[in-house]
Amino acid sequence: MTIQNRETFLARLAERMGRTLHTVPDPMPKLVNDYPTTRLTDRTQAQLAQEFMDFAKVMMVDVVETSETNVVAQLLEICEKYGGSDIILNNDERLKELGLTQAIEMNYTAHIWDKNAKAENITKAEKANIGIVHAEYGLCESGGIVLFSNQDNGRSVSLLPEKSIVVVRKSQILPRVAQLAKILHEKAQHGERMPSCINIIAGPSSTADIELIKVVGVHGPVAKVYLVIDDL
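Residues numbered from 1 in each chain as written. Predicted model: local features only at pLDDT ≥ 70, side-chain atom pairs only at ≥ 80, totals over all residues. Heavy atoms only, no water.

Naming follows an unreviewed UniProt entry, where the protein chain appears as Lactate utilization protein C of [Actinobacillus] rossii.

This is the structure in structure tokens:
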């Protein structure tokens, strides 16, 4: 569609505002520092993982460290601690490879996210006591986790159940959001399919809007657990 009288309109607008007409953006100012991309990058992977877990605890997350060989037993122990009952999991190959999906199906009433049953998935997630997902990354700076949504990994699994368990590997802890943005940019440059949704979640749902009094569980899980696999 051709825009008519564009230059005339812009010139008149600039005149009324007492400004010179500019049709080319000014260059970006020089940054004062490079902290957005370099902060925390001096840490080793082990240090990133430790700071990630420390910060998560401050955000009221229950952090449980484990190994690949003991991860199934730890998950079942967490489920017992938080009431078991109905559990929903993403249809995630990483959960299956660790034996977590199979263990939950054997011990609890479980629903696996089904890409062909959208309405049922949401209903099951709403009624579930626990939702179990595998994180793409953890963020050291905020103690938050990153979840990618696709046809087999529904965002409802981490948002609707009363409790949320997130499996995350120490090797996948990033310093901060800048490194996540770089990864996503590189995926886009290579033509990879992008997630339908990217969630960055730090701790159980909470708000302090009213008189700065923090209330947990207002619009999401009342409890969040990180099951951290030490793979370093």
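Chemist: Account for the packing of aromatic side chains, naming residues and giving values.
Modeler: The geometry of an aromatic ring pair comes down to the distance between the two centres and the angle between the two planes. Within the structure shown, the criterion is met by 2 aromatic pairs. Both rings, one in Phe52 and one in Tyr226, keep their centres 5.4 Å apart while their planes meet at 5 degrees; by these two values the pair is stacked. Residue Phe52 is found in helix 3 (residues 45–58), and its partner Tyr226 is found in strand 12 (residues 223–229); the two are separated by 174 residues along the sequence. Assessed through its relative accessible area of 0%, Phe52 is described here as buried. (Phe/Tyr/Trp six-rings, centres within 6.5 Å; stacked < 30°, edge-to-face > 60°. Helix = DSSP H or I, 4+ residues; strand = E, 2+ residues; numbered from the N terminus. Buried < 20%, exposed > 50% of the residue type's maximum accessible area, 1.4 Å probe, protein only.)

Chemist: Go over helix 9 (residues 177–189), please, and point to the residues and values.
Modeler: Compared with an ideal rise of 1.5 Å per residue, which puts 13 residues at 18 Å, helix 9 spans 18 Å between its outermost C-alpha atoms and is within 8% of the ideal. Buried within helix 9 are the following residues: Gln179, Leu180, Ile183 and Leu184. Along helix 9, the residues classed as buried sweep out an arc of 140 degrees about the axis, all on the same side. Seen from the buried face of helix 9, the exposed residues on the opposite side, beyond 90 degrees, are Lys182 and Gln189. The inward-facing, buried residues of helix 9 contact helix 2 (35–38), strand 5 (137–139), strand 6 (144–149), strand 8 (173–174) and strand 9 (197–201). Note on helix 9: the residue one or two positions beyond its end, Gly191, has a positive phi of about 80 degrees. (Expected span 1.5 Å × (residues − 1). Arc of directions from axis to C-beta. Contact = heavy atoms within 4.5 Å.)

Chemist: Outline the pattern of salt bridges, supporting the account with residue identities and numerical values.
Modeler: Evaluation of the coordinates by the stated rule reveals 15 salt bridges. Salt-bridge contacts for Arg176 lead to Glu141; the nearest nitrogen and oxygen are separated by 3.0 Å. Taken as a pair, Arg176 in the loop between strand 8 and helix 9 and Glu141 in the loop between strand 5 and strand 6 lie far apart in primary sequence, 35 residues in all. Among the salt bridges present, the one from Lys187 reaches Glu192, with a minimum N-O distance of 3.4 Å. The network of salt bridges with common partners includes Arg39, Glu141 and Arg176. (Salt bridge = Lys/Arg side-chain N within 4 Å of Asp/Glu carboxyl O.)

Chemist: Would you mind going over a nonpolar patch on the surface in detail, with residue names and values included?
Modeler: The grouping of Phe9, Leu13 and Met17 at the surface amounts to a nonpolar patch, some 310 Å² of accessible area in total. Within the secondary structure, Leu13 is located in helix 1 (residues 6–16). Using a relative accessible area of 38% as the deciding quantity, one classes Leu13 as partly exposed. (Patch = residues over 30% accessible without salt bridge, like charges linked within 9 Å, V, L, I, M, F, W, Y side chains within 5 Å. Areas by Shrake-Rupley, 256 points an atom, 1.4 Å probe, with all protein chains shown as cover.)

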